[in-house]
Amino acid sequence: MAVLPSGIFHTRRGARRASARDLDYGPPEGAPSLREAIADYLHRARAVVCDAARVVIVNGSQQTLDLTARVLLDRGDRVIVEDPQYQGAREVLRAAGARLQTATVDREGIDPAKLPKARAALVTPSHQFPTGAILPLARRLALLQWAKRSRAVVIEDDYDGEFHYEGQPVESMQGLDTEGRVIYIGTFSRTVFPALRIGYLVVPKALVDPFTGAKWLCDRHTPTLEQETLAEFIVSGAYERHLRRARRKNAVRRRALLEAIRDHLGDRVEVTGEGSGAHVALWPRGRISEETLVTRAAECGVAITGISQYFLRANPRPGLLLGYARLCESQIREGIMRLAAVV
Ligand SMILES: Cc1ncc(COP(=O)(O)O)c(C=O)c1O
């Protein structure tokens, strides 16, 4: 979650205005107003090529993966996942019976030249979770070529693509796809708040009906009043104003974090993932174990997450995940100063 949007959630006002029809079951693929608003926004902001007819509204990106598994995967299908990766995503695929095949992440993300044939690849190209690598254009194109050769789909999880700080923002992989092989996933968890539980899929035309059918089977549809309120928020321009404000605030916090790391930790750590998103990965160079670091930091009042839990294979070196969107600059500086005493 970034900065809380001011005045967004007037769902009660929406409920008072709602007609009896608005309170009946809605369409499984989502409210037309929200699908339209998202398609316009994605085209403008993320270079996603789509119209509203290809957008399916769901309950957060967790549900996008559940639906993708139901629609596209058979038990035993091989699915490539980045290593490390987000556990929420890998576990939903595993629960669906997918055979997970890890792909090592280097400073630029996964290397498509090394991928075996598979049914799908789940990737976070805009800001690899959790290392923060940004997949360069050449690798994006190579991944699309791999998908074509393997007759696979690429599931692009663009969970925090809205936050980019240096150079040109990297556009979505979906916009580069000419073969209809990318399933694009987005969420409002990072830009509005996670409790909203609204996310979306952009799927190739031929998959709209199967995804809509799967959504209906799961839970009929995502709550309508929230969808209508969110649509109003986006169409009014308030969402993008909120994003600009959040981006500015995150940029200031990110600068404070990087300066504090430079001043207090210096060469003792390597930092990755600072180019976008709202977290960085910190890789201590000393011999201290990740577990000891996390425990000692907690004893000093600094709650940090170790990176090992995100690996399916053994983590080659200790690492820490530092989120900065929920902290003010002085908290960030103080936290890094305390951390420096234990690294
Ligand atoms: C990589 C990644 N994808 C997606 C999500 C968001 O999931 P949801 O939309 O279900 O809240 C997260 C949240 O932490 C995440 O880290």
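Residues numbered from 1 in each chain as written. Predicted model: local features only at pLDDT ≥ 70, side-chain atom pairs only at ≥ 80, totals over all residues. Heavy atoms only, no water.

**Q** Explain the site of the ligand to me, please; I cannot follow it from the model alone.
**A** Around the ligand, the structure places Gly60, Ser61, Gln62, Tyr86, Phe129, Asp157, Tyr159, Thr187, Ser189, Arg190 and Arg197. Within the contact set of the ligand, a nitrogen atom lies 2.7 Å away from a side-chain nitrogen or oxygen of Asp157. A distance of 2.8 Å separates an oxygen atom of the ligand from a polar atom in the side chain of Arg197. When each cavity is represented as a set of grid points, the ligand is found to reside in the largest pocket. (Near = heavy atom within 4 Å. Polar contact = N/O pair within 3.5 Å; in protein donor to acceptor, adjacent residues only side chain to side chain. 1 Å grid on protein atoms, 1.4 Å probe; cavity = no way out; pocket = protein on both sides within 12 Å on 5 of 7 lines; lining within 4 Å. Sits in = over half its atoms within 2 Å of the grid points.)

**Q** What exactly am I supposed to notice about the packing of helix H2 (residues 32-46) against helix H7 (residues 224-235) here?
**A** When two helices pack together, their arrangement is given by the angle between the helix axes and the distance between those axes. Orientation of H2 relative to H7, taken along the N-to-C sense of each, is 35°, at an axis distance of 8 Å. In terms of crossing hand, the pair formed by H2 and H7 is left-handed. Contact residues: H2 offers Ser33, Leu34, Ala37 and Ile38, while H7 offers Gln227, Glu228, Leu230, Ala231, Ile234 and Val235. Taken together, the residues that form the contact of H2 with H7 break down as seven nonpolar, two polar and one charged. (Axes fitted to C-alpha atoms, helices over the stretch in contact; angles between N-to-C directions. Helix = DSSP H or I, 4+ residues; strand = E, 2+ residues; numbered from the N terminus. Left-handed = near helix turned anticlockwise from the far one by under 90°. Contact = heavy atoms within 4.5 Å. Nonpolar A, V, L, I, M, F, W, Y, C, P; charged D, E, K, R; others polar.)

**Q** Any chance you could explain empty space enclosed by the protein here in plain terms?
**A** Rolled over the atoms, a probe with the dimensions of a water molecule shows which regions are left empty. Within the structure shown, the criterion is met by two cavities of 30 Å³ or more. Space inside the largest cavity adds up to approximately 60 Å³. A per-class count over the lining of the largest cavity returns four nonpolar, two polar and two charged. By volume, the second largest cavity is sized at about 50 Å³. Around the second largest cavity, the lining residues are Arg46, Ser126, Asp160, Gly161, Phe163, His164, Pro169, Val170 and Ser276. In terms of residue class, the lining of the second largest cavity is made up of three nonpolar, four polar and two charged. (Points joined across faces, edges and corners; volume = space filled by probe spheres on them.)

**Q** Can you walk me through the layout of surface pockets in this structure?
**A** The space that makes up the largest pocket amounts to roughly 1,000 Å³. Lining the largest pocket are 40 residues, with Arg190, Ala278, His279, Gly323 and Arg326 sitting closest to its centre. Among the elements that line the lining of the largest pocket, the one with the most residues is helix H10 (residues 329-342), at seven residues.

**Q** When you look at the sheet that holds strand E6 (residues 153-157) in this model, what are you seeing that I'm missing?
**A** Strand-to-strand pairing in sheets goes through backbone hydrogen bonds, with the strands running parallel or antiparallel. The eight strands lie next to each other as E1-E8-E7-E6-E5-E2-E3-E4, forming an open sheet whose pairing is mixed. Each having just a single partner strand, strand E1 (55-58) and strand E4 (109-110) make up the two edges of the open sheet. Two elements, strand E2 (residues 78-83) and strand E3 (residues 99-106), share six bridges in a ladder whose sense is parallel. When the bridges of E3 are listed, Val79 appears paired with Leu100. Of the strands in this sheet, E1, strand E7 (182-187) and strand E8 (199-202) touch helix H6 (residues 208-219), which is tilted by about 15° from E1. (Pairing = 2+ DSSP bridges.)

**Q** How should I be thinking about the environment of Phe233 in this particular structure?
**A** Among the secondary structure elements, Phe233 is positioned in helix H7. Between the C-alpha atom of Phe233 and that of Val55, which follows or precedes it by 178 residues, the distance is 18 Å.

**Q** Looking at this structure, how should I read H7?
**A** Every α-helical turn comprises 3.6 residues, leaving residues that sit three or four positions apart pointing alike. Over its 12 residues, H7 extends 16 Å from the first C-alpha to the last, a length consistent with the 16 Å expected when each residue adds 1.5 Å. Residues Thr224, Gln227, Thr229, Leu230, Ala231, Phe233 and Ile234 constitute the buried set of H7. Just downstream of H7 lies Gly237, where phi reads positive at about 95°. (Expected span 1.5 Å × (residues − 1). Buried < 20%, exposed > 50% of the residue type's maximum accessible area, 1.4 Å probe, protein only.)

**Q** Which parts of the structure should I look at to understand the packing of aromatic side chains?
**A** The description of an aromatic ring pair uses the distance of the two centres, along with the angle that the planes make with each other. What the rule picks out here adds up to seven aromatic pairs. Between Phe129 and Tyr159, the ring centres sit 5.8 Å apart and the planes meet at 85°, which makes this aromatic pair edge-to-face. Of this pair, Phe129 sits in the loop between strand E5 (120-123) and helix H5 (137-150) while Tyr159 sits in the loop between E6 and E7, and the two are 30 residues apart along the sequence. The pair Phe129 / Tyr159 is uniform in exposure class, with both members buried. Aromatic rings pair up to connect Tyr41, Phe188, Tyr200, Phe233 and Tyr239 into one cluster. Lying across the ring of Tyr25, Arg220 places its NZ or CZ 3.8 Å from the centre. (Phe/Tyr/Trp six-rings, centres within 6.5 Å; stacked < 30°, edge-to-face > 60°. Lys NZ or Arg CZ within 6 Å of the ring centre and 35° of its normal.)

**Q** Looking at this model, I keep getting lost on helix H4 (residues 87-95). Mind explaining?
**A** Every buried residue of H4 is listed here: Gly88, Ala89, Arg90, Val92 and Leu93. Buried residues along H4 sit against helix H3 (60-72), E2, E3 and E5.

**Q** Teacher, can you tell me more about the domain arrangement of the protein here?
**A** Interface size is often expressed as the accessible area that is lost when the parts come together. Domain annotation for the protein reports domain 1 (5-236) and domain 2 (240-340). In this complex, domain 1 contributes 34 residues to the contact, which on the side of domain 2 involves 29 residues. The junction of domain 1 with domain 2 conceals about 2,700 Å² of combined surface from both sides, 52% of it contributed by carbon and sulfur atoms. The partner of Arg107 in a salt bridge is Glu270, and the shortest N-O contact between them spans 2.2 Å. Here domain 1 is connected to domain 2 by 21 residue pairs in polar contact (both at pLDDT 80 or more). For the side of domain 1 that touches domain 2, the elements supplying multiple residues, two or more each, are H2, E2, H4 and E3. In terms of residues, the side of domain 1 that touches domain 2 owes the most to one element, E3, which gives four residues. Class assignment of the residues belonging to the side of domain 1 that touches domain 2 gives a composition of 13 nonpolar, 13 polar and eight charged. (Domains from an automatic or database assignment. Buried area = accessible area lost by both parts, 1.4 Å probe. Salt bridge = Lys/Arg side-chain N within 4 Å of Asp/Glu carboxyl O.)

**Q** Explain the packing of H3 against H4 here, please?
**A** Two elements in contact, H3 and H4, have axes separated by 9 Å at closest approach and are oriented at 25°. Classified by the angle their axes make, H3 and H4 are roughly parallel. The hand of the H3/H4 crossing is right-handed. Within the contact between the two elements, H3 uses Gln62, Leu65, Asp66 and Ala69 and H4 uses Gly88, Ala89, Val92 and Leu93. Taken together, the residues of the contact of H3 with H4 sort by class into five nonpolar, two polar and one charged. (Parallel < 35°, antiparallel > 145°, perpendicular 65-115°, else oblique.)

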